[in-house]
Amino acid sequence: MVSLPVRSWTISPSPETAAPRGAARGAAPRRATAGVLPVSALLCCCVPLHGLCCPALGTVRGAAGGELTLAPTQPVCCFTKEPRCCLAADVSSPPSEVGGQWEWRGGSAAAVMRTTAAGCRMSVGALLNGLLVSVVAALLWKYSKLSEHAALLEEELHMTRQSQELSQAHIDYHVALQALQEHGTRMVCTGKMHTDRICRFDYLCYCSEAEEFVFFHSNSSVMLPNLGSRRFQPALLDLSSVEDHNTQYFNFLELPVAALKFMPKPVFVPDVTLILNRFNPDNLMHVFHDDLIPAFYTMKQYSDLDDEARLVFMEGWAEGPHFDLYRLLSSKQPLLKEQLRNFGKLMCFTKSYVGLSKMTTWYQYGFVQPQGPKANMLVSGNEIRQFARALMEKMNITRGEEMEKEGGNTEDNKEKRDEYIVVFSRSATRLIVNEAELIMALAQEFQMRVVTVSLEEQSFPGIVQVISGASMLVSMHGAQLITSLFLPRGAAVVELFPFAVNPEQYTPYKTLATLPGMDLHYVSWRNTKEENTITHPDRPWEQGGIAHLEKEERERILASKDVPRHLCCRNPEWLYRIYQDTLVDIPSFVEVLKEGMKTKPSAKKSKSASTVHPGRVREAQCQTLVQTPNEAKLTVSWQIPWNLKYLKVREVKYEVWIQEQGENTYMPYILPQQNYTFSENIKPFTTYLVWVRCIFNKNLLGPFADVLMCRT
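Residues numbered from 1 in each chain as written. Predicted model: local features only at pLDDT ≥ 70, side-chain atom pairs only at ≥ 80, totals over all residues. Heavy atoms only, no water.

Draft legend 1. Up close: the pairing of strand β23 (residues 472–476). The element β23 is extensively covered by neighbouring structure, given that five of its five residues are classed as buried. Of the two faces of β23, both are covered, the one formed by M472, V474 and M476 as well as the one formed by L473 and S475. One ladder, built from five bridges, connects β23 with strand β24 (residues 492–497); its direction is parallel. Each residue of the ladder has a partner; that of V474, found in β24, is V494. (Buried < 20%, exposed > 50% of the residue type's maximum accessible area, 1.4 Å probe, protein only. Helix = DSSP H or I, 4+ residues; strand = E, 2+ residues; numbered from the N terminus. Pairing = 2+ DSSP bridges.)

In C-alpha cells form, the structure reads like this:
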C-alpha cells in the first residue's frame, strides 16, 4: 500500500459502462497530470488464484480536483496459476467506510472514496483483512499445487501398475514416459524388401481405439530404412511368414511427440516383445510351418528375444485349439490383439521386434501359382530336427532323445528299441472307412505292433511321445502329418490320398520328409477306384459340399476323375474331393508300400552322407606351353581345401571352368585329380580365365578360388 498526496479521490466505473450524474453518457472523466499508477496502489492484494473469479481492474488516472478514477472491466475467472491483482473490497458492496466514505451517484454502480488532507489512510482492520486474504489465498494456491502433484503421482503409479500387470519386470514409469517424450520412436530394420524385413523398435506404440501402430517423431527419432511413401508399396514388412499376403502387411501411423499431450496416458510394456501374425491357428500344419518354427528361429536370430520375451499376436484370431503350443516358446503368456484393449487406449512397447523370418518355410500355398515347394528353400532337416528337439524338451518328452542319439539312429539302437507303426485316426472328415482292416494288414505285413493316435482324443504331447519312437507313420492327407517332424531318423511317412486327388500336386509333407538331413522315407498311396469313395455333396461348402453350386458345375465336378491344378483356397472341386471318406484297397496299398520300402535307405547309410561343404581350393596356379604356332598347352594345379583334411568324405572331385578372354562361353571339366593339362581348344598367344572349385559327394559345391589369368 502507498500513501497518496493530499487530495480527494474517486473510484468509478469506466465511462463506457456508467457516467457520473450531470454528465452526458459516454463522456470521459476530466484528466489531470497525476499520471498512471498501478492498481496495487489502492486497497489491493496480489494473490495467486486457481479457478476463482475476481474483477479485472484497469488503471488509476489523475482527475481534475485531485480525484483518481479506477476503471474496472467486466469480472473474469482466473483459471491460471499465475498471480492476479484484485480489490480487497468489492466495488459492488453496500456503502461502508473503508479509509473514506462510500456513496452512490444517482443509483449507479459508482462509488466515491474521499480522502482527507492527511492522505489516503487505511484502517488497521482493512490491512489485516487484506493480509489474511493474501495468506489464505497463498495457502489455497499451495494446496492446489500439492493436490495437482499428488494426482500426477497417483496417475503415474496407476499407469506403472497397469504396465506391471503385463509383466513382472520393473519399470520406472516417469523415466519411460520421459524417454518417449524426448526421443520418440526409433526403428532399425534388416532386409531389403518387405518380404524379408524384420524391424526392431524402441517405443513403438499401439492405439487400441484406432487399431493402429503409432510412430512418434522427435528430433531424436530414427527410422531406418527411411522409405518415405515407398513404405506403402505395399507395406513396410510382412507380419507373418507367409510371403506377400495382403492380409499380413504391417505399417504404422506417424505423429509428433507433442501429440502425446492430447492423448491418453500410455501404458508401457517393459518386456522385449515379438509382434507377429499367426496365419491360421486352427490348422496344425499352419501352426508349425507358418508360426512356431519361424518364431523359434526369429527368436534365435536376436539374443534379447530369449525365454523371457513376450509374443504379441496381432491377426485378431481367438486362442484356437493349439494355443498351448505357442505358450511353449516363452515363459510369459502370449498376448492377443483383443487383450490389448484391457490395458489402456495407448500401449507402448519399450523394445519390440516386428515380423518373422521366412528362412525355415518350405511350402507355398498357391496364392499366386498352384501350391508346391518353395523355389528357393533355405532350411534343412537339421534345423527342423533341432526345433523338434527343443519343443519336446519343453513338453518334457525324453523318449525321442533316448532313441535318437546325436547324429541319428544306429542299427544297434534300431534292434534294441521296440519297433511299431503309428496310424493316425480321424473321427470327423476324410475317414479311412476300413481302418481296422488296414491296421491288421500293416501288422501282418511288417510283423510290428500298430498303434493308433487321434488329435480329437489324445493330448498333443502324448501323441508326440508315441510318434517320436515309431518306425512308420501312416495317415490320410491332412494337417496331422506335420507331426512327422518328430519321427526318428530312418522312419517312413506313408500318406494316403482320396480319389481324384493327385499326390504329386499336394506335397507339403513329402517336401518336409525329403529335406536334406530329415532322413525320412516317404511313400504315397492314391485311391484309384471311384466305387471305394464316399462323397458328401450336401455338407457346408468349406467341408466339400457342392449343393450350393449351379447344376452344370455340380455335374462337371461329379464327372471329373482328376482335380486340375488350381489356386488357393476355395476351389469347390478340390474341397469336394479332399473331404471324401475312403475305403482303402488293402492289396494295392500293401503292394505300393512294399515297393516303396525297397528303396528306403538304412539309417547307417543315410548317416554316412556328409552335409559339410568344401572350402576353397588353395594355391591355384597355371602354366602354359606353346608347342607350335597352332598348338598350346595349359596346365592348372591346386591344393585341396583346408577343411578336407579333417573330414571323411566319400567322393571328392574338382570342377574347372576355362574361358577365353572376351568370349561369353566357357568349357567346364569335372576332374578327380588336383592338376591337369589341357590341350584341346587351347590356342597360342591367347589369354584364358580359369576358375577351380571342389565338390563333395557330387552335389556339395564349394566356392570358386580366385580367377586365374593364363597367357599362352
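The rest of the description comes next.
Draft legend 2. Structural view of the state of the cysteines. Overall, the coordinates contain four disulfides when judged by the stated rule. Covalently, C205 is tied to C348 through a disulfide, its sulfur atoms 2.0 Å apart. Between C205 and C348 the sulfur-sulfur dihedral comes to about 100 degrees; the bridge is accordingly right-handed. With C205 in strand β9 (residues 198–207) and C348 in strand β18 (residues 346–354), this residue pair connects regions lying 143 residues apart in the sequence. Accessibility expressed as a relative area gives 0% for C348, which makes it buried. Here C568 engages in a disulfide with C569; their sulfurs sit 1.5 Å apart. The sign of the S-S torsion, about 90 degrees, decides the handedness of the disulfide formed by C568 and C569: right-handed. Counting only cysteine sulfurs, C205 is the nearest neighbor of C207, a cysteine outside any disulfide, at a range of 9.7 Å. (Disulfide = S-S within 2.5 Å.)

Draft legend 3. Geometry of the side chain of T185. Tracing the backbone through its elements, the reader meets T185 in the loop between α2 (173–183) and β8 (186–190). A polar side-chain atom of T185 sits 2.8 Å from the main-chain carbonyl oxygen of Y203. Non-local contacts of T185, meaning those with residues more than four positions away in its chain, are made with F201, D202, Y203, L204, V214, F215, F216, S221 and V222. (Polar contact = N/O pair within 3.5 Å; in protein donor to acceptor, adjacent residues only side chain to side chain. Contact = heavy atoms within 4.5 Å.)

Draft legend 4. Structural view of the nonpolar core. Grouped together as the largest cluster of nonpolar side chains are 75 residues, with contacts concentrated most on F288, I384, F387, I482, L485 and F486. Ranked by residues supplied to this core, first place goes to helix α3 (residues 284–301) with ten residues. Excluding anything up to four places from it in sequence, I384 contacts I293, T360, W362, V379, L485, L512, L515 and M518. Counting residues in each nonpolar core, the second largest holds 25 residues, with L237, F250, F252 and M314 among its members. (Core = buried A, V, L, I, M, F, W, Y, C linked by side-chain atoms within 4.5 Å.)

Draft legend 5. The arrangement of the side chain of T686 in detail. Here T686 is to be found in the loop between β32 (675–678) and β33 (687–696). Among the residues examined, T686 registers a relative accessible area of 12% and is labelled buried. Engagement of the side chain of T686 in a polar contact is seen with the backbone oxygen of P684, the distance being 3.0 Å. The residues contacting T686, other than those within four sequence positions of it, are E660, C710, R711 and T712.

Draft legend 6. Seen up close, α2. The complete set of buried residues in α2 reads Y173, A176, L177, A179 and L180. Buried residues in α2, looked at end-on, bunch into an arc of 155 degrees, giving them a common side. Two or three places before H174, at the opening of α2, D172 has a side-chain oxygen 3.2 Å from that residue's backbone nitrogen. G184, located one to two residues past α2, shows a positive phi value of around 65 degrees. (Arc of directions from axis to C-beta.)

Draft legend 7. Spotlight on the sheet that holds β23. The strand order across the open sheet formed by five strands is β22-β21-β23-β24-β25, and the pairing between neighbours is parallel. Edge positions in the sheet fall to β22 (449–453) and β25 (521–526), since each has one partner strand and no second. Neighbour to neighbour, the strand axes of the sheet diverge by 20 degrees on average, direction disregarded. Those strands touched by helix α13 (residues 586–598) are β23, β24 and β25, and its axis lies near 155 degrees from that of β25. (Axes fitted to C-alpha atoms, helices over the stretch in contact; angles between N-to-C directions.)

Draft legend 8. Expanded view of the packing of aromatic side chains. Taken as a whole and judged by the stated rule, the model has 30 aromatic pairs. On the numbers, 5.8 Å between centres and 35 degrees between planes, the contact of F288 with F460 is tilted. Here the residue F288 occupies a position in helix α3, and F460 occupies one in helix α9 (residues 460–467), the gap between them amounting to 172 residues. A relative accessible area of 12% places F460 in the buried class. Through successive ring pairs, a cluster of aromatic residues spans F201, Y206, F213, F215, F250 and F252. A cation over an aromatic ring shows up here: R278 above the ring of Y326, its NZ or CZ 5.3 Å from the ring centre. (Phe/Tyr/Trp six-rings, centres within 6.5 Å; stacked < 30°, edge-to-face > 60°. Lys NZ or Arg CZ within 6 Å of the ring centre and 35° of its normal.)

Draft legend 9. Representation of the packing of α3 against helix α5 (residues 381–394) in the model. Following both chains from N to C, one finds α3 and α5 inclined at 85 degrees, their axes separated by 11 Å at the closest point. Comparing their axes, α5 and α3 come out roughly perpendicular. Facing α3, whose interface residues are F288, L292, I293, F296 and Y297, α5 presents E383, I384, Q386, F387, A390 and L391. By residue class, the composition of the contact of α3 with α5 is nine nonpolar, one polar and one charged. (Parallel < 35°, antiparallel > 145°, perpendicular 65-115°, else oblique. Nonpolar A, V, L, I, M, F, W, Y, C, P; charged D, E, K, R; others polar.)

Draft legend 10. Region of interest: the pattern of salt bridges. Overall, the coordinates contain 28 salt bridges when judged by the stated rule. A salt bridge links D307 to K394; its shortest N-O distance comes to 3.0 Å. Taken together, the residues span a long stretch of sequence, with D307 in the loop between α3 and β16 (310–313) and K394 in helix α5 at a distance of 87 residues. Judged by relative accessible area, D307 falls into the partly exposed class, the value being 33%. Overlapping salt bridges bring together E211, K337, E338 and R341 as one network. (Salt bridge = Lys/Arg side-chain N within 4 Å of Asp/Glu carboxyl O.)

Draft legend 11. Region of interest: unusual backbone geometry. With an omega of 0 degrees, the peptide bond between L224 and P225 qualifies as cis. Within the fold, P225 resides in the loop between β11 (222–224) and β12 (237–238). That bond from C568 to C569 is cis: its omega, 15 degrees, falls within 30 degrees of zero. With respect to the helices and strands, C569 occurs in the loop between α11 (551–559) and α12 (572–578). A positive phi is found at K698, a non-glycine position, where the angle reads about 75 degrees. Note that K698 resides in the loop between β33 and β34 (700–701). K698 sits in the exposed class, given a relative accessible area of 69%.

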